Amino acid sequence: DEECVASSPQDIEEFEKKIRESVDCPVISRCHTYIMESKFFYDTNYHLNTEGAEIRTKLLISDMRDKIF
């Protein structure tokens, strides 16, 4: 949510484009998929709480299945 994200959607798109152009490996996830509400964090917007970690893990597993397997 807006409380946790300092970058604009355009900045995020540009960042993703730079990453995709810079690495020699598949990029399996989109940044916007992993932007979560502040209720899923503790301490700072870099530390997920248990519920947030479970959600992120499920998202990552899904992305890996969709792109790799």
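Worth saying up front: this structure is predicted, and the values here are computed from it rather than measured.

About the thresholds
Residues numbered from 1 in each chain as written. Predicted model: local features only at pLDDT ≥ 70, side-chain atom pairs only at ≥ 80, totals over all residues. Heavy atoms only, no water. Helix = DSSP H or I, 4+ residues; strand = E, 2+ residues; numbered from the N terminus. Buried < 20%, exposed > 50% of the residue type's maximum accessible area, 1.4 Å probe, protein only. Contact = heavy atoms within 4.5 Å. Areas by Shrake-Rupley, 256 points an atom, 1.4 Å probe, with all protein chains shown as cover. Lys, Arg positive; Asp, Glu negative; His and termini not counted. Charge placed at Lys NZ, Arg CZ, Asp CG, Glu CD. Disulfide = S-S within 2.5 Å. Salt bridge = Lys/Arg side-chain N within 4 Å of Asp/Glu carboxyl O.

## A closer look at the overall build of the protein
Looking only at helices and strands, one finds 2 helices and 0 strands in the protein. Here the C-alpha coordinates of the protein stretch approximately 35 × 30 × 15 Å along the principal axes. Counting over 69 residues, the protein shows a buried share of 17%. Intrachain contacts of the protein at a sequence separation of at least 6 include 42% that bridge at least 24 residues. As displayed, the protein offers around 5600 Å² of accessible surface, 53% of which is attributable to carbon and sulfur atoms. Each charge class in the protein was averaged separately, 9 positive and 15 negative side chains, and the resulting centres sit 7 Å apart.

## Things to note about the state of the cysteines
Two cysteines whose sulfur atoms are joined by a covalent bond form what is called a disulfide. The tally for this structure, following the rule as stated, stands at 0 disulfides. Unpaired in terms of disulfides, Cys31 finds its nearest cysteine sulfur in Cys25, a separation of 13 Å.

## Here's the deal with the environment of Lys67
Here Lys67 is to be found in helix α2 (residues 50-67). Each C-alpha atom of the pair Lys67 and Val27 lies 8.6 Å from the other, and the pair is 40 residues apart in sequence.

## Brief notes about the side chain of Glu16
Mapped onto the elements, Glu16 comes out in helix α1 (residues 9-22). Discounting residues that sit within four places of it in the chain, Glu16 has contacts with Arg30, Cys31 and His32.

## Concerning the pattern of salt bridges
Under the definition given, this model contains 3 salt bridges. With a shortest N-O distance of 2.9 Å, Arg30 and Glu13 are connected by a salt bridge. Within this pair, whereas Arg30 is found in the loop between α1 and α2, its partner Glu13 is found in helix α1, the two being separated by 17 residues in sequence. Glu16 is the partner of Arg30 in a salt bridge, and the nearest nitrogen-oxygen pair spans 2.6 Å. Residue Arg30 is found in the loop between α1 and α2, and its partner Glu16 is found in helix α1; the two are separated by 14 residues along the sequence. What makes Arg30 partly exposed here is its relative accessible area of 30%. One network of salt bridges, with partners in common, ties together Glu13, Glu16 and Arg30.

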